[in-house]
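Letter by letter, the chains look like this.
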Amino acid sequence: MRGPAFFAYADNDLIDLKEAVIVDVEASRAVRQAEVGAARTMLERTAERFGMKPERLAADSAYSAEMLHWLVDEQKIEPHVPVIDKSERQDGTFSRSDFSYDPETDTCPEGKTLTTSGRSVNEGTNRLYLGSTFNCGPCHLKERCWPNTPARRIPRSIYEHAREVARSLRGTPAFERSRQGRKRIEMLFAHLKRILKMGRLRLRGPSGAQDEFLLAATAQNLRKLAKLVLPTEPQMA
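In this text the structure is predicted, and so the values were computed from the model without any measurement.

K.L.:
Please clarify how the overall build of the protein chain should be interpreted in this entry.
P.N.:
Of regular secondary structure, the protein chain possesses seven helices and ten strands. Against the 2.2 N^0.38 benchmark of 18 Å for 237 residues, the protein chain shows a C-alpha radius of gyration of 24 Å, more extended than a compact globule. Along the longest, intermediate and shortest principal axes, the C-alpha atoms of the protein chain span 90 × 50 × 35 Å. The buried share among the 237 residues of the protein chain stands at 36%. Counted over contacts in the protein chain with a minimum sequence separation of 6, partners at least 24 positions apart contribute 52%. For the protein chain, the distance from the average position of its 38 positive side-chain charges to the average position of its 32 negative side-chain charges is 5 Å.

K.L.:
What is the right way to look at empty space enclosed by the protein in this model?
P.N.:
In this approach a probe as big as a water molecule rolls over the atoms, and the regions it shows empty are the leftover space. Overall, the coordinates contain one cavity of 30 Å³ or more when judged by the stated rule. Together, 17 residues line the largest cavity, and C108, K112, C136, C145 and W146 are the ones closest to its centre. Those elements giving two or more residues to the lining of the largest cavity turn out to be β7 (113–115) and α3 (133–136). When its residues are assigned to classes, the lining of the largest cavity shows ten nonpolar, four polar and three charged.

K.L.:
Explanation requested: the packing of helix α1 (residues 32–50) against helix α2 (residues 65–74) in the structure shown.
P.N.:
The description of two helices packed together rests on the angle between their axes and the distance between the axes. Direction vectors running N to C along α1 and α2 enclose 20°, while the axes themselves pass 10 Å from each other. Judged on the interaxial angle alone, α2 and α1 are roughly parallel. Crossing geometry of α1 relative to α2 is assigned as left-handed. For the pair formed by α1 and α2, the contact residues are V36, A39, R40, L43 and E44 on the first element and M67, W70 and L71 on the second. Along the lines of polarity and charge, the residues of the contact of α1 with α2 split into six nonpolar, no polar and two charged.

K.L.:
So what exactly am I meant to see when it comes to the nonpolar core here?
P.N.:
Nonpolar side chains in soluble globular proteins tend to end up buried together. Counting residues in each nonpolar core, the largest one holds 18 residues, and the members touching the most others are L43, L57, Y63, M67, L68 and L71. Of all the elements in the fold, those that place two or more residues in this core are α1, α2 and α5 (160–169). Broken down by element, the residue count for this core peaks at five residues, all from α2. Residues within four places of L68 in sequence aside, it is in contact with Y63, D73, P79, V81, V83, A162, R163 and A166. Counting 15 residues, the second largest nonpolar core, distinct from the first, contains A20, I22, A209 and A216.

K.L.:
Help me understand the side chain of S178, please; the structure alone is not making it clear to me.
P.N.:
Topologically, S178 is positioned in helix α6 (residues 173–194). If we skip the residues at most four places from it in the chain, S178 touches L17, R56, A58 and H80.

K.L.:
I keep staring at the packing of aromatic side chains and nothing clicks. Help me out?
P.N.:
Aromatic ring pairs are reported here in terms of the distance separating the ring centres and the angle at which the planes meet. For the structure shown, the criterion picks out one aromatic pair. A ring pair is formed by Y101 and Y129, whose centres lie 6.5 Å apart and whose planes are at 75°; its orientation type is edge-to-face. With Y101 in strand β5 (residues 100–101) and Y129 in strand β9 (residues 126–130), the pair connects residues that are 28 residues apart, well separated along the chain. For Y129, a relative accessible area of 1% puts it in the buried group.

The rules behind each value
- As a convention, each chain's residues are numbered from 1 in the sequence order in which they are written.
- Predicted model: local features are reported for residues with pLDDT of at least 70 only, side-chain atom pairs are reported and counted for 80 or more only, and whole-chain, interface and lining totals are derived from all residues.
- Based on all heavy atoms of the structure, the side-chain values leave hydrogens and waters out of the count.
- The secondary structure listing takes helices from DSSP runs of H or I that are at least 4 residues long and strands from runs of E that are at least 2 residues long, numbered from the N terminus.
- In this setup the radius of gyration rests on C-alpha atoms only. A globule is expected at 2.2 Å times the number of residues raised to 0.38.
- Type-normalised accessible area, obtained with a 1.4 Å probe on protein chains alone, sets the label of each residue: buried when under 20%, exposed when over 50%, and partly exposed for intermediate values.
- Whether two residues are in contact is decided by their heavy atoms: any pair within 4.5 Å suffices.
- Note on charges: Lys and Arg go in the positive column, Asp and Glu in the negative column, and His and the chain ends are not counted at all.
- Taken as the charge centre is NZ of Lys, CZ of Arg, CG of Asp or CD of Glu, depending on the residue.
- Only protein atoms enter the 1 Å grid used here, on which a cavity is any set of points holding a 1.4 Å probe that cannot leave and a pocket is any open set flanked by protein within 12 Å on both sides along at least five of seven lines; residues with an atom within 4 Å of a point are listed as lining.
- Grid points are joined across faces, edges and corners, and a volume is the space filled by probe spheres set on the points.
- Note on residue classes: Ala, Val, Leu, Ile, Met, Phe, Trp, Tyr, Cys and Pro are nonpolar, Asp, Glu, Lys and Arg are charged, and everything else, Gly too, is polar.
- Each axis is a line fitted through C-alpha atoms, and for a helix only the stretch in contact is used; angles between axes span 0 to 180 degrees, taken between their N-to-C directions.
- Note that the term roughly parallel is reserved for angles under 35 degrees, roughly antiparallel for angles over 145, roughly perpendicular for angles of 65 to 115, and oblique for everything else.
- Less than a right angle of anticlockwise turn of the near helix away from the far helix marks a crossing as left-handed, whereas a clockwise turn marks it as right-handed.
- Put simply, a nonpolar core is a bunch of buried Ala, Val, Leu, Ile, Met, Phe, Trp, Tyr and Cys residues held in one set by side-chain atoms that sit within 4.5 Å of each other.
- When the centres of two rings from Phe, Tyr and Trp lie within 6.5 Å, Trp using its six-membered ring, the rings pair. Their planes under 30 degrees apart give stacked, over 60 give edge-to-face, and anything left gives tilted.

Here's what the structure looks like:
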C-alpha cells in the first residue's frame, strides 16, 4: 500500500495441531478466496495420499458459506472458524440474528413465521424469507422490525445450515482448544521467516513458490523429527 507493486504468494499449510507437524503445503495467490481454495485442495490431497481426515478444522480467516457447506455437510468436519456476518443493524431495528432460522421457515421475535418459496435470489446465493401482511400488519413491534415495508424480508444463504453449525461451535471448549492450538501454528510461520529467512522467494511463478514452500516445510518437519527422536539430555558413558 505504501510502496511499488510486487508479486506475492501465500504459504498455506495444513498442520496437525497436536504435534505441530506440517501435513500438506499449497502455494496460492495472496488473496482470501485463493486461500480458502487451498484449504480444500490440501484436505482432499491429504485424504487421498495418507487416508487422513481431520475431525475439526481451525482457521483464523472467515470461510465462504460454500466452503462451510463443503466442510459440514459433505466432509463432516467441524469448522472452528469465524463466520462473516454483516447483517447487524445500527438503526435500532431487528437484525437477522434476532430471527430464529429453520430451513423451511424463519421465526420472528414475536413468534410469527416467515416462509420461503425456495427460489434462490442474488445470483443463486441466497433464499428469501417473507412475513405476511396478516401477521405483520397489526404487530406492535412493527416500528422496530419493518417500518418502511409491508412485511419483513430476511435474506439467508442457501448454505445457512452450515453457517449455523459454525456459529454454534464458537465459544465451546473444543473451539477454545483449537484457538489455543493455533499458537503453535504461528510459531511455525515465525520460524519460517526469522530462522529460515523466507522473506523473499528465489524461484519464479506458482510452481517455484510451491517448491520453495514445500522444501521449507520439509526442513521444519525434519527439525521436529530430530527433537522427537534424539535424546534431549546428554548420555553418560
